[in-house]
Amino acid sequence: MQKFLDNIHISGTAYKGKPLDAKKLIACQRKLKLNNFPLIPQEYVVFLHKYNSLACDGRWLFGVCPRDESDLDILAENALALVTNKTTNLVLGYSELEYLLWNENNGNYQIVDKSDFEVLKTYSACKDALKDFLRLDDCY
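Residues numbered from 1 in each chain as written. Predicted model: local features only at pLDDT ≥ 70, side-chain atom pairs only at ≥ 80, totals over all residues. Heavy atoms only, no water.

Draft legend 1. Broad picture of the overall build of the chain. On a plain count of helices and strands, the chain comes out with 5 helices and 7 strands. Sorting the 140 residues of the chain into buried and exposed places 49% on the buried side. Accessible surface, the chain: about 7400 Å² in total, of which carbon and sulfur atoms supply 51%. (Helix = DSSP H or I, 4+ residues; strand = E, 2+ residues; numbered from the N terminus. Buried < 20%, exposed > 50% of the residue type's maximum accessible area, 1.4 Å probe, protein only. Areas by Shrake-Rupley, 256 points an atom, 1.4 Å probe, with all protein chains shown as cover.)

Draft legend 2. Layout of the packing of aromatic side chains. Using the criterion set out here, one finds 5 aromatic pairs in the structure. Ring centres of F62 and Y94 lie 5.5 Å apart, and the angle between their planes is 55°; this geometry places the pair in the tilted category. Linking F62 in the loop between β3 (59-61) and α4 (74-80) with Y94 in strand β4 (residues 89-94), this pair joins segments that are 32 residues apart in sequence. Through a chain of ring-to-ring contacts, the aromatic side chains of Y44, F47 and Y51 assemble into a single cluster. Across the ring face of F133, the terminal group of R59 is positioned such that the distance to the ring centre comes to 5.1 Å. Directly above the ring of Y99 sits K114, whose terminal nitrogen or CZ lies 5.3 Å from the centroid. (Phe/Tyr/Trp six-rings, centres within 6.5 Å; stacked < 30°, edge-to-face > 60°. Lys NZ or Arg CZ within 6 Å of the ring centre and 35° of its normal.)

Draft legend 3. Geometry of the pattern of salt bridges. Applying the stated criterion across every chain, the model contains 3 salt bridges. R59 serves as the salt-bridge partner of E98, at 3.1 Å between the closest nitrogen and oxygen. Taken as a pair, E98 in strand β5 (residues 98-103) and R59 in strand β3 lie far apart in primary sequence, 39 residues in all. E98 sits in the buried class, given a relative accessible area of 11%. A salt bridge links K121 to D132, with the nearest nitrogen and oxygen atoms 3.0 Å apart. On the criterion of sequence distance, the pair formed by K121 in strand β7 (residues 119-123) and D132 in helix α5 (residues 126-133) is long-range, its members being 11 residues apart. (Salt bridge = Lys/Arg side-chain N within 4 Å of Asp/Glu carboxyl O.)

Draft legend 4. How the structure looks around the state of the cysteines. In this structure the tally under the stated criterion is 0 disulfides. C28 forms no disulfide, and the closest cysteine sulfur to it belongs to C65, at a distance of 6.5 Å. (Disulfide = S-S within 2.5 Å.)

Draft legend 5. Highlighting α5. When you tally the buried positions in α5, you get 6 out of 8 residues, the bulk of the element. Within the span of α5, buried status applies to C126, A129, L130, K131, D132 and F133. Phi turns positive, to about 60°, at R135, one or two residues after α5.

Draft legend 6. Quick peek at unusual backbone geometry. Not every positive phi belongs to a glycine, and S53 is a case in point at roughly 110°. Inspection of the secondary structure puts S53 in the loop between α3 (42-50) and β2 (54-56). Non-glycine residue F117 carries a positive phi angle of around 65°. Locating F117 in the fold gives a position in the loop between β6 (108-113) and β7. Given a relative accessible area of 28%, F117 falls into the partly exposed group.

Draft legend 7. Seen up close, the nonpolar core. Grouped together as the largest cluster of nonpolar side chains are 38 residues, with contacts concentrated most on I40, Y44, L61 and I74. Looking at this core, the elements with two or more residues in it are α2 (22-34), α3, β2, α4, β4, β5, β6 and α5. Each residue touching L61, except ones within four places of it in the same chain, is listed here: Y44, F47, S53, L54, L92, G93, L100, L130, F133 and L134. (Core = buried A, V, L, I, M, F, W, Y, C linked by side-chain atoms within 4.5 Å. Contact = heavy atoms within 4.5 Å.)

Right under this line is the structure:
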């Protein structure tokens, strides 16, 4: 994961949010739990500590209160997302056609079609899911 994060750091093509503040993470995890959403998985928290949100070529990864606005905020976006099974699926990002989800029950990351919620790909490692979702396989 560290090499992946380092490679994103040197990339000039993506908006990269500032590192996550631990107090905001704790507050967000409490709010997610209160709203019956899954908690942010630890591997994604590692990503957030480096980049608290990311936007790249029409794909967005959510952060925790990035830029002190509601856009790209994981809690706000999950409240608005039109996904099934919100108590087990946490939306981590989206593109025009897909969602990137954390499925808490299965303990995996999924790329899901937005129109019919068909699971297109499943990953056990966050790094692999992020690379594929951001279409960075050829770069990193």
